[in-house]
Each structure stands twice: as structure tokens, then as C-alpha cells.
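Notes for the structure review
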Amino acid sequence: MNKTLSLSALLAMTFGSSLLMAADLPADLNWQSNLHEPRFASPQAKFGGTFHTYIESFPQTFRVVGPDSNGRFRPWLLDSRPSAVTRHPDTKAWIPDIASEWAYGDDNKTVYFRINPNAKWSDGEPITSEDFTFVLTFMRSKDIVAPWYNTFYTQQIEDVIQYDERTFAVVSGEKRNAEELMLYTNMRPIPAHFYRPKKDENHDGIQDNFVRYYNFKPEPSAGPYYVDGMKKGKSITFKHVGKDWWGYSNPYYLHRYNVDKIQIKVIRDKDIARQHFEKGNLDSFWLDTPELWREKTETANFEQGYIHKFWGYNQVPIGAGGLWLNTAKPLLDQLEVRKGIALATDFDGLIEKVLRGDVVRKPNPMGIGHGDYTNAAIKAPSFDPAKAIAHFEKAGFGEIGPDGIRVNEQGQRLSFGITYSYGYLTPQIAYLKEQAKLAGLEFTLNLIDGSSAFKYVLEKKHELSFHSMGTAEIPAYWEYFHSTNANKPQNNNFTNFSTPELDRLIMAYRTEFDLEKKKVHAKQIQAIVADAGVIVPGYMRPYAREAFWRWLQIPQPAMTKSTEFLFPSGTFRDLGTYWIDESLKKETKAAMKSGKSFTPVTILEEEYKL
């Protein structure tokens, strides 16, 4: 399904954008803006103050494409920044983002956009149609060393057409139904002026040594915050553009992104970070484990009402994840071994005994929450050592060594390392290790610090990797299971698994216009992946659960269907609806000195609990 550049794109690359500006905009377009959707921020919000948080490792790059860019810091630089349009967090209707209006063409391939005339980059340059046409130049360049983007923006996007400084159209590579068409054509702009090359011997419009040149040069932001400073290995500071940020001309941005600065410190140990939080050096803290929600909040600061607790449910689609089995490693290419591992991995016991039922088992290895795309017939394998042993014996592991671990006739031990990225997960992996012994299986613990762990997995060095991925509104499969990505580093095929049948279904899924047929393809793909046993489904948290000092204020209610965090976490998106009340901060600190206490506060929001 390789597509070549359209005539207009070739003309643009050859002669610049002036010819495209002469293109005729269809006269009968039905422009939409959806300004009637409900607001979800609080008009009581106040502007100002500095929000303090932390990350556990310094990012390996500030690039959002290329080697090592797909790390945990990437959401800070990418996920919360504006696109042409966005989804309303509750109704899911498309609402204005950078584009104030949009219209669908009658060819089932084209969407037209009009840019908000106030839109500017954080360096003051206007956001124009060129910043959207430049997306193709950028993403198709080999200099960015990002094969996934090269392929996607060649195969899935046929063209981006500029009509004038504010009007452009994105043409899909395939005909798509209206709902899906917007998902494919909705782009984030890339600042063309920032990436104008100084050396471009291959004449593709991109700096020849892009990866090294832009490694720690954060690009200007279309959103409210930009990187204002950093101390390598120690801290990063984001600064707000100011009260005159262009986004506030969009009614859906009013009363959001209220703090003036976000200061992020590198604190490599979570327990030490929690101590900083209790001292007031950090403003909020993620209470993801049972101990943090219960025992670790039995402190004076919580009991005297200085720090509040919050638990609110959401309905966010859950991505693929759990244990990813690398089939390129010895023994893991055997189906019977993989089936045995799935049955010997006691996630159910982990949830009940270690995580105290605070999380839910993920039924489908490819995630859930994608509506009719999700194959609800797939269930996570239950822990069953006896059945696991039967599969291991079929694979030739009929003997048990002196240490209780199975061996085959070649003397190979049934032993695999689990790679994971945070120390607080060690008790969880240790539980899985002890339970697996019941089936004669050994798990070894391979803890690698934060962003380095993901780099390790992207380079396909792992045997088993314990991690989960985010997801879009509709599931994606090409990046995880198409043979194009198998046995190659720096892509998301973490299992190195692919089959001709999967390739056929994945390509059929990508190109199918009929929504019902597309959903059938999705379910077939999920069934093959589940039967292959290459991902043991892990667990999921369908909620936000955080602690925060009482000077942080949130809307009432605070949750939307799409709220994953109340405050910036750098893990997933928040909606920026919180604010800092400096008078409450002074009051709280004065109370702490004088011994005055407030009523303890624990907020529970269950409107979106399923």
C-alpha cells in the first residue's frame, strides 16, 4: 500500500508553497465549530504560582521523534499540546483547538481547516498553514531516523494542501468514514521556522544531522507551556506563555493551564520523592499503590487537613500491555512455552494479595475501552500451575532441576528475566517470581532505571518486559505486530511476533472503509494475538488517585470521562483545570507553624465508575 507523493506535494517540495496557495478552496463546504459543547473548567480558577513535581530520570532527548524519543518525558513535550482539533473530554465531540473551524470534503478523504487567527508559537511566530504542510516534509525525512513516522506519513497521509496563511486541507491516503477520517487527518503542527535547515545536502528540507543537532533543543510550543530552562540530570522548568496566550481566545481553553511555571526535579527514588512531598517541596503525589493510599497517608499532614486525598474514576481507553514476550529470544519462540508462562503468571493473586484489589485485571492483551473494536470474548488466562506444567512438558521441560526449575534434555533451564523500570514494582515482580516456581518456572528481576528501561526494550534486548502502552480512540496494530517492525530496533513490536495472516488482517484493518468490517478485522487480530500468547495481560487502573496540598484547587466535580490525572504528571494527559490559591498556601503554612488544623479531606468521585 505504498503511496507516492501526490502531484501537489511534489510541486510543493520542488517550487515551495506559493503554487499551492493558488489552489481553489471548494465553495460549498459546511464549516463546523461545535461551540455549544459544555465547559469543564472552573471560572473560579486563578492564574499564577509555580507547580512543583518530579520525574525519576532525566530524558535522553528533547526530540519527539528519532532514537530514544519515545520515553516517559515525551508526554510533557507532545501529548498535551494542541492539534488542529480535539475531543471534548465528556461528549467526545470534536471541538476547536488550533483550528477554529473545519469541514469535510465529499471525497471521504479530505478535511479542511481554518486556523485560529490568534494562534502563535511560544516564540511569538504565528502558526500558519505552512506549519501543517511542513509536517509531511518533516515526517517523511530519513534524517529524523523515525521509520514508523516515515511510513505512516507516506502511506496514511496523501497530502497537506495550503490555500492561504490560515486555511489548509489534509488528504487521507485512503477513503475513510467521517469519524475515522478526522482521527487520521487531525495533525499537530510542526514549527517550520524552527527546523529550517542549515545543512541539507540531500535537499529533503531537514537538517542532515537532525538527531544530534536537535537532541536537546526543545521546539517552540503551540500550547501554554514551553521549556524555559534545564539543568541536565537535575531539573527542567516549563513556563507559561502568559495571560495573553492565544489559546484563551478559544472558549474551551478558558480557566485552564493556570499556573505560571511547572518545575520538575529529578528524584530517582519514589520514597524520597514522597518525603519531599510531605515537606511541601512537591505539590501533588500519585497514590498508585495500596500502601500509598492507605498506610503512607496516615501522617499528620493528612490528618490535620493540610494534604487532601482524591480518588476519581474515568472511562479512558486502556492500551496493550502486561508481560511482553520477546519471541526472538531462545525458547520464547515456542508456543507451548508461551502458553505455560501465561498460566504460571499469577496476576490475579498479585491484584488480590499485593495490590489489595485496587486495580482490575486487563482481560484483553491489546487493551479495552475501544467500544465495538474490543473483542469481549477474550479473557485473561487464570493462574493454573498444573495446566502450565502440561504445556511446559509438551515443550520438552519434563524434568525438574535441583533448584526446582524445569530443564529440558539440552540442559536449558526454564528461566526468563522480567525487565521493568521502577523500584516500587519490585514487590510485584517478586510475587510473580515466587508463584511461577509452583510450575517450575523461574522469573529473574531485571530492574533498569526509568527511560533507560524503555530504550532497552525498544532495542529488543529484553526477554519479558512488564509495561503497558497508551492508546488512541481506536486501536492500532501495525506498530505492534506487522512484520515490517519485527526483529528491528526502535519500534513498538516488543514481541518480534508477526505472521502472514496478521500482516494481511492488519493491512485490511488499516484500509477498510466500512466501519463494521473494520471492527471485525480488529477482533480477528486480537484473537490471533491472544492465541499466540505473546502478551500476558496485566492490570489496569481506571481512575486518578492523588494526594495534594490544600492550596491546589480543582473544579467540582474534578473528573471528566477523559481525566487521567488531576495535575501534570508527565505520564499521561491532564486537562490543566487545577490552580494554585496563594492565600490558602500562606494560610496552610501559617497553620502548620501555629499547630492549627483543618478538617481532613478525602474526595471520592464515582460518576464514571463502570
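Residues numbered from 1 in each chain as written. Predicted model: local features only at pLDDT ≥ 70, side-chain atom pairs only at ≥ 80, totals over all residues. Heavy atoms only, no water.

1. With respect to the pattern of salt bridges
Short version of the rule: By definition, a salt bridge exists where a carboxyl oxygen of Asp or Glu is found within 4 Å of a side-chain nitrogen of Lys or Arg. A helix here means a DSSP run of H or I that spans at least four residues, while a strand means a run of E at least two residues long, and both kinds are numbered starting from the N terminus. Buried, partly exposed and exposed residues are distinguished by accessible area as a fraction of the type maximum, computed with a 1.4 Å probe on protein chains only: under 20%, between the cut-offs, and over 50%, respectively.
A complete count under the given rule lists 25 salt bridges for this structure. We note a salt bridge from Lys455 to Asp68, for which the minimum N-O separation is 2.9 Å. Of this pair, Lys455 sits in helix α14 (residues 450-458) while Asp68 sits in the loop between β1 (50-55) and α2 (74-77), and the two are 387 residues apart along the sequence. For Lys455, a relative accessible area of 26% translates into the label partly exposed. Measuring nitrogen to oxygen at the nearest pair gives 3.6 Å for the salt bridge that ties Lys609 to Glu606. Lys609 gets classed as partly exposed once you look at its relative accessible area, which sits at 42%.

2. With respect to the packing of helix α11 (residues 347-354) against helix α13 (residues 426-436)
For clarity, the threshold we go by: Think of each axis as a best-fit line through the C-alpha atoms, taken over the contacting stretch in the case of a helix, with angles from 0 to 180 degrees between the N-to-C directions. The cut-offs work like this: below 35 degrees is roughly parallel, past 145 is roughly antiparallel, 65 to 115 is roughly perpendicular, and the gaps in between are oblique. Handedness of a helix crossing follows the sense of rotation of the near helix relative to the far helix, less than a right angle counterclockwise being left-handed and clockwise being right-handed. The contact definition used throughout considers only heavy atoms, calling two residues in contact when any of these lie within 4.5 Å.
The interhelical angle for the contact between α11 and α13, taken along N-to-C directions, is 130°, at an axis separation of 10 Å. Relative to α13, the element α11 is oriented oblique. Considering the relative orientation of α11 and α13, their crossing is right-handed. Facing Phe347, Gly349, Leu350, Lys353 and Val354 of α11, the residues of α13 in contact are Gln428, Tyr431 and Leu432.

3. Quick look at the sheet that holds strand β4 (residues 99-104)
Let me state the cut-off plainly: Pairing between strands is defined by DSSP: at least two bridges between them are needed.
Strand order across the open sheet formed by four strands is β4-β5-β7-β6, with antiparallel pairing between neighbours. Of all the strands in the sheet, the pair left with one neighbour each is β4 and β6 (157-162). Across the sheet, the mean angle from the axis of one strand to that of its neighbour is 20°, orientation sign disregarded. In the packing of helix α3 (residues 130-139) onto the sheet, the strands contacted are β5 (110-115), β6 and β7 (167-172), and the crossing angle to β6 comes to about 150°.

4. Quick notes on the packing of aromatic side chains
Threshold: Only Phe, Tyr and Trp rings are paired, with Trp represented by its six-membered ring, and only when their centres lie within 6.5 Å; those with planes under 30 degrees apart are stacked, over 60 edge-to-face, the remainder tilted.
Under the definition given, this model contains 56 aromatic pairs. Aromatic side chains Phe347 and Phe466 sit 5.9 Å apart centroid to centroid with 35° between the ring planes, which places their arrangement in the tilted category. Residue Phe347 is located in helix α11, and its partner Phe466 is located in strand β19 (residues 464-468); the two are separated by 119 residues in the primary sequence. By the burial criterion, Phe347 is buried, and Phe466 matches it.

5. Points about the sheet that holds β1
Sheet architecture is open: four strands sit in the order β1-β10-β9-β8, paired in mixed fashion. Lying at the two open borders of the sheet, with one neighbouring strand each, are β1 and β8 (225-231). Direction aside, neighbouring strands of the sheet carry axes that sit 20° apart on average. Direction of pairing for β1 relative to strand β10 (residues 261-266): parallel, over a ladder of six bridges. In the sheet register, Thr53 faces β10, and the bridge partner there is Ile264.

6. Brief notes about the nonpolar core
The test is simple: We define a nonpolar core as any set of buried Ala, Val, Leu, Ile, Met, Phe, Trp, Tyr and Cys residues linked to one another through side-chain atoms lying within 4.5 Å.
Ranked by size, the top nonpolar core spans 158 residues in total, and within it Phe113, Phe138, Phe238, Ile341 and Phe481 carry the most contacts. Sort the elements by how many residues they give to this core and α3 lands first, with six residues. The contacts of Phe138, once residues within four sequence positions are left out, are Val65, Ile144, Ile190, Tyr195, Ile206 and Phe210. Residues Leu29, Tyr112, Ile161 and Val171 belong to the second largest nonpolar core, which totals seven residues.

7. A look at the packing of α3 against helix α4 (residues 147-155)
We count it as follows: Classification used: nonpolar for Ala, Val, Leu, Ile, Met, Phe, Trp, Tyr, Cys and Pro, charged for Asp, Glu, Lys and Arg, polar for all others including Gly.
Two elements in contact, α3 and α4, have axes separated by 8 Å at closest approach and are oriented at 130°. Between α3 and α4, the angle is such that the two are oblique. Every residue of α4 that contacts α3 at Val135, Leu136 and Met139 is listed here: Tyr149, Asn150 and Tyr153. Looking at side-chain class alone, the contact of α3 with α4 contains five nonpolar, one polar and no charged residues.

8. Examining helix α7 (residues 270-278)
The criterion, for reference: The arc under discussion is defined with respect to the helix axis, by the directions toward the C-beta atoms. Whenever a nitrogen or oxygen atom comes within 3.5 Å of another N or O atom, the pair is scored as a polar contact, on the condition that within protein one atom can donate a hydrogen and the other can accept it, and that pairs from neighbouring residues in sequence are kept only if both atoms are in side chains.
Buried within α7 we find Lys270, Ala273, Arg274, Phe277 and Glu278. Axial view of α7: buried residues confined to an arc of 145°, hence all on one face. Those residues of α7 that are buried are in contact with β1, β11 (284-286), α8 (290-293), α9 (300-303), β12 (307-313) and β22 (543-549). Two to three positions downstream of the cap, the backbone nitrogen of Asp271 sits 2.8 Å from a side-chain oxygen, assigning the N-cap of α7 to Asp269. Once α7 ends, the next one or two residues include Gly280, with phi positive near 90°.

9. Description of the environment of Val160
Mapped onto the secondary structure, Val160 falls in strand β6. Residue class for Val160 comes out buried when judged on its relative accessible area of 4%. Separated by 50 residues in sequence, Val160 and Thr110 have C-alpha atoms that sit 9.3 Å apart.

10. Some details on the environment of Gly242
For Gly242, the position within the fold is in the loop between β9 (235-240) and β10. Looking at Gly242, the relative accessible area reads 14%, which means it is buried. Distance in space between the C-alpha atoms of Gly242 and Leu515 is 43 Å, their sequence separation being 273 residues. When residues no more than four places from it in sequence are discounted, the contact partners of Gly242 are Phe47 and Tyr248.

11. Observations regarding the confidence of the model for the protein chain
Which entries qualify depends on this criterion: Known as pLDDT, the predictor's per-residue confidence is scaled from 0 to 100.
The pLDDT averaged across the protein chain works out to 93; a share of 96% of its residues lies at or above 70. Note on residues 1-21: pLDDT is under 50 here. Beyond four places in sequence and across chains, it has 30 contacts.

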